[in-house]
Amino acid sequence: MTDIDPRLDLTLDRVIRAPRDVVWRAWTDPAQLAQWWVPAPTVARVEKLDVRPGGAFVTSMSDDGAAFVPHTDSIFLVVDDGARLVFSNAIDSSWHPASPEPVAMTAEIVFDAHPDGTEYRVVVRHADPTARDRHEQLGFYDGWGAVTEALAVLAESRAG
């Protein structure tokens, strides 16, 4: 993991009471990812999930379960099997430079062993302090916190 710069990066840490492989599968299996990737009651649909460096990560979301709008259009930069995922929406799934809304970011997801299951860490990096602050003001901690809680519930139910 690269050093964290508090002027540019937002972080979230949590222990998930499930083995790393269970948490990893919740991230890399499209059916499981769709269950937790957006805050409820909004629902997600996984359009593409090619978990390899350069692979597409594309999702859509819906408030009513019928009309879906784009949510994530990014590529994986790093895939360390079972340990780390890094993706960015600054390049879209067709490998074109992007100007995503609300902010461009690179997200690093780390899965470490912990005596109680998995130490789960999210680091979301931004190009400048303004983008970082905007992301925080738009509800980074609420949004990523809610989906991390949903991820934990799913993984812990599968582990137990």
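This text follows the structure it describes.
Description of the structure in this document. (Residues numbered from 1 in each chain as written. Predicted model: local features only at pLDDT ≥ 70, side-chain atom pairs only at ≥ 80, totals over all residues. Heavy atoms only, no water.)

### Notes on the overall build of the chain
Here comes step 1: Tallying secondary structure elements over the chain gives four helices and seven strands in all.
Here comes step 2: Ordered by position in the sequence, the α and β elements of the chain form the string β-α-α-β-β-β-β-β-β-α-α.
Here comes step 3: In terms of its C-alpha atoms, the chain occupies a principal-axis envelope of roughly 40 × 40 × 30 Å.
Here comes step 4: Looking at the chain residue by residue over its 160 residues, the buried ones come to 43%. (Helix = DSSP H or I, 4+ residues; strand = E, 2+ residues; numbered from the N terminus. Buried < 20%, exposed > 50% of the residue type's maximum accessible area, 1.4 Å probe, protein only.)

### A short note on the sheet that holds strand β1 (residues 9-16)
Here comes step 1: The antiparallel open sheet is built from seven strands, whose spatial order is β1-β7-β6-β5-β4-β3-β2. On the outer flanks of this sheet lie β1 and β2 (43-49), each paired with one strand and no other. The mean inter-strand angle of the sheet, taken between neighbouring strand axes irrespective of direction, is 20 degrees.
Here comes step 2: Alignment of strand β4 (residues 69-80) against strand β5 (residues 84-88), held across five bridges, turns out to be antiparallel. Each bridged residue has a counterpart across the sheet, and for Ile-75 the counterpart in β5 is Ser-88.
Here comes step 3: Contacts from helix α1 (residues 20-28) reach β1, β2, β3 (56-62), β4, β5, β6 (106-114) and β7 (117-125), with the element oriented near 155 degrees to β6.
Here comes step 4: Sheet contacts for helix α4 (residues 140-159): β1, β5, β6 and β7; angle to β1, the most-contacted strand, approximately 25 degrees. (Pairing = 2+ DSSP bridges. Axes fitted to C-alpha atoms, helices over the stretch in contact; angles between N-to-C directions. Contact = heavy atoms within 4.5 Å.)

Everything listed here is a matter of coordinates, which is why it stays silent on function.
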